[in-house]
Amino acid sequence: MTQQIIKAIKSSGILGAIAVLTVLLFSGWSGAVIGWLLGSAAGFMRCQGKRVSTPQEGVRLGAIAGLELGIWLLIASLLQALLAPVLGQPTVSLSDSFQYGILALVVATLAAGVMGALQGLPNERRRTATLVTLAFILIIFPFVDQLAQTNWIATVIQIQIFIMLALGLNITVGYAGLLDLGYAAFFAIGAYTTGLLSSPQLNIAWNFWFVLPIAALVAAISGVILGSPTLRLRGDYLAIVTLGFGEIVPVIFRNLTGVRIEEPISKIMGSLVGHPEWAICLVGCERPLNLTGGEAGINPIGRPTLPFIGTFDASDYLPWYYLILLLVVFSYFMISRLKDSRLGRAWTAIREDELAASAMGINLVQTKLLAFAMGATFSGFAGAFYAANISAIFPSVFDFSVSVIILCMVILGGLGNMTGVILGGIIIMSADRLYLPQLAQVLKSFLNTSVLPNIGNPPLRDFIATSIDPIQMRLFLFGLTLVIMMIVRPEGLVPDALHRAELHSEDEAMKESLADARSQ
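For clarity, every value in this text was computed on a predicted model and none was experimentally measured.

Undergrad: So what exactly am I meant to see when it comes to the overall build of the protein here?
TA: Scanning the protein for helices and strands turns up 21 helices and six strands. Computed over its C-alpha atoms, the radius of gyration of the protein comes to 26 Å, within 12% of the 24 Å expected for a compact globule of 520 residues. Projected onto its principal axes, the C-alpha coordinates of the protein cover approximately 100 × 65 × 55 Å. Relative to its full complement of 520 residues, the protein shows a buried share of 46%. Across the protein, every contact between residues at least 6 apart in sequence was considered, and the portion connecting residues at least 24 apart equals 73%.

Below is the structure:
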């Protein structure tokens, strides 16, 4: 019996480790919430690749997976109660922690059992039931978060913004095979378009719902402008050009603080005859126009307004959550339609072999420009939402690290696979915005409670207090993740069928899969 329990704990793998980390860092009801989310995932994953003919069989498989996860949660709850005084966290009695752990175990088992039962339905009904369950989880999550007082909803909103960005970049990098290292520039363009058209900066206060498509359109045009000089470039050279574009855009926004525009013909004529004062001034005549606010950025920016809801409030996360959820669903639907269209197949063709694609009659110029424009469009949507959400934008927000993080999401999840990209976005952004800040806080409490008071050397104490900070190592951790992924699983966590078959071409089964994928 003991060996069976140990075997069950080991088989839960990564999900169990995430569950333990969550309970140790956040304590309280976080175990029940993460048990609900990960339990659903465990039930779904346990039934994949297996012949589940009836819902009863699915319930059995799912419940076992949920029980394994629940054991992890129960152990973590008890461990958290024991370690709380050492870590400097609020003390929780052992009986309360046992109740938290039992509740998390029950929730994880039930969620996994329900998801497992759905996998035993006939094919079409199974897909529909799984999607409905996923939609139900997403819709009620804010209320569960509020009830459990985990306060994760603000982070979830940011995660969804970056998921939309990753979906857009997946068009350029994953579908068309055009490496774009300056994708944050389109994010900035969408945000600044919203800031200029819906703020006191230019005394323009257009409605957010009118500005939203304009921001996407401006970003799309910028994508065409970027794509035009890169049509003849491939590989490293294309990456360098896009990298330069990504660096130029924030610098432009940072320096457009003294704009004066003069009519060019009168200015040239005035210069030729030695009378520069003849130039007709169009903008910034009395004093140069501060267009973008420089390093201080633009603040405040108008927020969306809806009937019965009014203007979206910064402290009320519910409307923001549902708005960005709708935008992500809309993006997923539109991109999936694009992928299955003639244009999507053309992107795949030029990714595989430009010369062969051209020989088959595909217009390389038009196809590449559309890839840049479509990818930038969804970045424009994300930028508009981001600007309205935080009601302020600054050029330093859109630096090179943002492009790298978005690219990490695409590579970690799997190039060309939207489900994988979403999973990569959730993992990267959860680590960046949720787990690392909380880990830094817990480490700080641990040092102040158990370590620093026992160190008599003041310089050493100051060194330890300032050096151990996981947030400062975030880019190192992301880089390390990329290196490990490239060595262990270069196709990503949930790869596209074509990528997976290409990277494992030595396997006969994969060769057949590659042939099937290319014949579709």
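Undergrad: Help me understand the pattern of salt bridges, please; the structure alone is not making it clear to me.
TA: Once their charged atoms are close, side chains differing in charge can pair, the charge on each being opposite to the other. Per the counting criterion, the structure on display carries eight salt bridges. Its salt-bridge partner being Arg-260, residue Glu-262 comes within 3.0 Å of it at the nearest N-O pair. Classification of Glu-262 as partly exposed rests on a relative accessible area of 22%. Among the ionic pairs, Asp-432 bridges to Arg-433, the shortest N-O distance being 3.1 Å. Residue class for Asp-432 comes out buried when judged on its relative accessible area of 6%.

Undergrad: Just to check I follow, could you spell out a nonpolar patch on the surface for this structure?
TA: Together, Met-473, Phe-476, Leu-477, Leu-480, Val-483, Ile-484, Met-486, Ile-487 and Val-488 make up a nonpolar patch on the protein surface, roughly 860 Å² of accessible area in all. Mapped onto the fold, Ile-484 is located in helix H19 (residues 474-488). Judged by its relative accessible area of 44%, Ile-484 falls in the partly exposed class.

Undergrad: Whenever I open this one, the packing of aromatic side chains confuses me. Can you help?
TA: Two aromatic rings are characterised by how far apart their centres lie and by the angle between their planes. The tally for this structure, following the rule as stated, stands at 19 aromatic pairs. Measuring from centroid to centroid gives 5.5 Å for Trp-206 and Phe-210, while their planes differ by 55 degrees, and the two rings are tilted. A relative accessible area of 49% means that Phe-210 is categorised as partly exposed. What links up through ring pairs into an aromatic cluster is the set Phe-162, Phe-187, Tyr-192, Phe-253, Tyr-386 and Phe-398.

Undergrad: Looking at this structure, how should I read the state of the cysteines?
TA: Disulfides are covalent bonds that link the sulfur atoms of two cysteine residues. Summed over the entire model, instances satisfying the criterion amount to one disulfide. The disulfide partner of Cys-281 is Cys-285, and the S-S distance across this bridge is 2.2 Å. Between Cys-281 and Cys-285 the disulfide shows an S-S torsion of about -105 degrees. By sign, it is left-handed. Classification of Cys-285 as partly exposed rests on a relative accessible area of 41%.

Undergrad: Explanation requested: the side chain of Thr-194 in the structure shown.
TA: Structurally, Thr-194 is set in helix H8 (residues 184-197). Taking the relative accessible area as the measure of exposure, Thr-194 reaches 1% and is therefore buried. Among the polar contacts listed, one links the side chain of Thr-194 to the backbone oxygen of Gly-190, at a separation of 3.0 Å. Setting aside residues no more than four positions away along its own chain, Thr-194 makes contact with Val-211, Ala-215, Ile-301, Ala-384 and Ala-387.

Undergrad: What's the story with unusual backbone geometry in this structure? I'm lost.
TA: A negative phi holds for most residues other than glycine; trans holds for most peptide bonds. Cis peptide bonds are those with omega within 30 degrees of zero, and the linkage from Asn-299 to Pro-300 qualifies with 0 degrees. The topology assignment puts Pro-300 in the loop between strand S4 (281-283) and strand S5 (305-306). Unlike most non-glycine residues, Gln-149 shows phi in positive territory, near 55 degrees. Summarising the element assignment, Gln-149 is placed in the loop between helix H6 (123-148) and helix H7 (153-175). Note on Gln-149: relative accessible area 63%, which makes it exposed.

Undergrad: Help me out: how do you make sense of the packing of helix H2 (residues 13-26) against helix H3 (residues 30-47) in this one?
TA: The geometry of a pair of packed helices is captured by two quantities: the angle between their axes and the separation between those axes. Interaxial distance between H2 and H3 falls to 10 Å at its minimum, and their mutual angle equals 170 degrees. Considering their axes alone, H2 and H3 lie roughly antiparallel with respect to each other. Between H2 and H3, the contacting residues are Leu-15, Ile-18, Ala-19, Thr-22, Val-23 and Phe-26 on the first element and Ser-30, Gly-31, Ile-34, Leu-38, Ala-42 and Met-45 on the second. Of the residues contributing to the contact of H2 with H3, the split by class is nine nonpolar, three polar and no charged.

Undergrad: I keep staring at the packing of helix H13 (residues 342-352) against helix H15 (residues 364-390) and nothing clicks. Help me out?
TA: With their axes 10 Å apart at the nearest point, H13 and H15 run at an angle of 105 degrees to one another. In terms of axis orientation, H13 runs roughly perpendicular to H15. In contact with Leu-343, Ala-346, Trp-347 and Ile-350 of H13, H15 contributes Leu-364, Thr-367, Lys-368, Leu-370, Ala-371 and Met-374. Here the residues of the contact of H13 with H15 sort into eight nonpolar, one polar and one charged.

Undergrad: Which parts of the structure should I look at to understand the environment of Val-23?
TA: By secondary structure assignment, the location of Val-23 is in helix H2. Taking relative accessible area as the criterion, Val-23 reaches 4% and is therefore assigned buried. Remark: the alpha-carbon pair of Val-23 and Lys-339, spanning 316 residues in sequence, is separated by 39 Å. In contact with Val-23, not counting residues within four places along its chain, are Ser-30, Gly-31, Leu-73, Ala-76, Ser-77 and Gln-80.

Undergrad: Would you explain the environment of Leu-196 in this entry?
TA: Turning to its location among the elements, Leu-196 is positioned in helix H8. What makes Leu-196 buried here is its relative accessible area of 15%. Counting along the chain gives 103 residues from Leu-196 to Asn-299, while the straight-line C-alpha distance between them is 10.0 Å. Excluding residues within four positions of it along the chain, Leu-196 makes contact with Gln-201, Leu-202, Ile-204, Leu-291 and Ile-298.

Here is what the cut-offs are and how they apply
Residues numbered from 1 in each chain as written. Predicted model: local features only at pLDDT ≥ 70, side-chain atom pairs only at ≥ 80, totals over all residues. Heavy atoms only, no water. Helix = DSSP H or I, 4+ residues; strand = E, 2+ residues; numbered from the N terminus. Rg over C-alpha atoms; globule rule 2.2 N^0.38 Å. Buried < 20%, exposed > 50% of the residue type's maximum accessible area, 1.4 Å probe, protein only. Contact = heavy atoms within 4.5 Å. Salt bridge = Lys/Arg side-chain N within 4 Å of Asp/Glu carboxyl O. Patch = residues over 30% accessible without salt bridge, like charges linked within 9 Å, V, L, I, M, F, W, Y side chains within 5 Å. Areas by Shrake-Rupley, 256 points an atom, 1.4 Å probe, with all protein chains shown as cover. Phe/Tyr/Trp six-rings, centres within 6.5 Å; stacked < 30°, edge-to-face > 60°. Disulfide = S-S within 2.5 Å. Polar contact = N/O pair within 3.5 Å; in protein donor to acceptor, adjacent residues only side chain to side chain. Axes fitted to C-alpha atoms, helices over the stretch in contact; angles between N-to-C directions. Parallel < 35°, antiparallel > 145°, perpendicular 65-115°, else oblique. Nonpolar A, V, L, I, M, F, W, Y, C, P; charged D, E, K, R; others polar.

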